[in-house]
Amino acid sequence: MQVTSNNTPGLGQLLPPVQVQTPTSYSRMTYRCQLGPKCDLPLEGTTASISYHLHLHNHAHKQFESICCPWAGCIDGMLWRNVARHIKEKHLGMKLQCEECGKRYTRKEALTTHVQKCHSSPASK
């Protein structure tokens with residue numbers, strides 16, 4: 001499984017530019033935080049790092065509260081409990097890549113299902 005980052009304009013700015021990463025280096029990619037003004041702390045591509053920054057910038061709500069995304073310039077609405085995943089997938093452009101065919105997925109469960117359906121041998125099904 002490989003992790004890729006999308007360098008599309010408007011997504012988190014990578015420091016340094018990243019192409020395809022292995023899962024072990026996935027958490028070490030560093031982005032510019034856009035959750036608070038003039039934040040110079042590194043934002044890693046992990047849910048834990050994103051959650052830490054949300055707390056650091058006083059973004060706190062109840063799990064099932066509907067909110068607008070706190071990322072600068074984003075107006076997407078969601079439940080508070082989904083904010084870290086939303087930031088990781090949409091703003092940081094994190095995707096998992098199938099090693100067999102190269103298809104990319106935003107969620108590990110979708111990649112696992114794809115591998116089971118498309119790349120498993122009939123004996124292992």
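A brief structural summary. The shown structure was predicted, so the numbers you read here are calculated from the model rather than taken from an experiment.

### Side note on the side chain of H86
(1) Moving on: Structurally, H86 can be placed in helix α3 (residues 83-91).
(2) Moving on: Overall, the relative accessible area of 12% leaves H86 in the buried class.
(3) Moving on: When neighbours within four sequence positions are excluded, H86 is seen to be in contact with C69, C74, D76, M78 and H91.

### Focus on the packing of helix α2 (residues 47-56) against α3
(1) Moving on: Here α2 crosses α3 at 115 degrees, and the two axes come no closer than 9 Å. When you trace α2 past α3, the crossing you get is right-handed. In this structure, α2 contributes T47, I50, S51 and L54 to the contact, and α3 contributes V83, A84, I87 and K88.

### A word on the nonpolar core
(1) Moving on: Counting 19 residues, the largest nonpolar core has L43, I50, L54, W71, V83, I87 and L92 as its most contacted members.
(2) Moving on: Elements that contribute at least two residues to this core include exactly α2 and α3.
(3) Moving on: Here this core takes three residues from α3, the largest share from any one element.
(4) Moving on: With sequence-adjacent residues up to four places away left out, L43 is seen in contact with M29, T30, Y31, R32, C33, S49, I50, H53, W71 and L92.

### Some points on the pattern of salt bridges
(1) Moving on: In total, this model carries two salt bridges according to the counting rule given.
(2) Moving on: Where D76 meets K90, a salt bridge forms, and the shortest distance between an N and an O atom there is 2.5 Å. Of the two residues, D76 is situated in the loop between β6 (66-68) and β7 (77-79) and K90 in helix α3; the sequence distance between them amounts to 14 residues.
(3) Moving on: Between E89 and R107 there is a salt bridge, with the nearest N and O atoms lying 3.2 Å from each other. With a gap of 18 residues between them, E89 in helix α3 and R107 in the loop between β9 (104-105) and α4 (108-118) connect regions that are remote in the sequence.
(4) Moving on: With a relative accessible area of 35%, R107 lands in the partly exposed category.

Cut-offs used in this document
For every chain, the first residue of the written sequence is number 1, and numbering continues from 1 along that sequence. Residue-level local features of this predicted model are given only where pLDDT is at least 70; pairs of side-chain atoms are given and counted only at 80 or more, and the full residue set underlies all totals for whole chains, interfaces and linings. Side-chain numbers come from the whole structure's heavy atoms, not from hydrogens or water. Counting from the N terminus, the helices are the DSSP runs of H or I reaching at least four residues and the strands are the DSSP runs of E reaching at least two. The buried label goes to any residue with under 20% of its type's maximum accessible area, the exposed label to any with over 50%, and the partly exposed label to all in between, with areas taken from a 1.4 Å probe on protein chains only. By definition in these notes, contact holds between two residues if any of their heavy atoms fall within 4.5 Å. Orientation is described by axes fitted as lines to C-alpha atoms, over the contacting stretch for helices, and by angles from 0 to 180 degrees between their N-to-C directions. Crossings are sorted by hand: turned counterclockwise from the far helix by less than a right angle, the near helix makes the crossing left-handed, and turned clockwise it makes it right-handed. In plain words, nonpolar cores are sets of buried Ala, Val, Leu, Ile, Met, Phe, Trp, Tyr and Cys residues tied together by side-chain atoms within 4.5 Å. Definition used for salt bridges: Asp or Glu carboxyl oxygen within 4 Å of a side-chain nitrogen of Lys or Arg.

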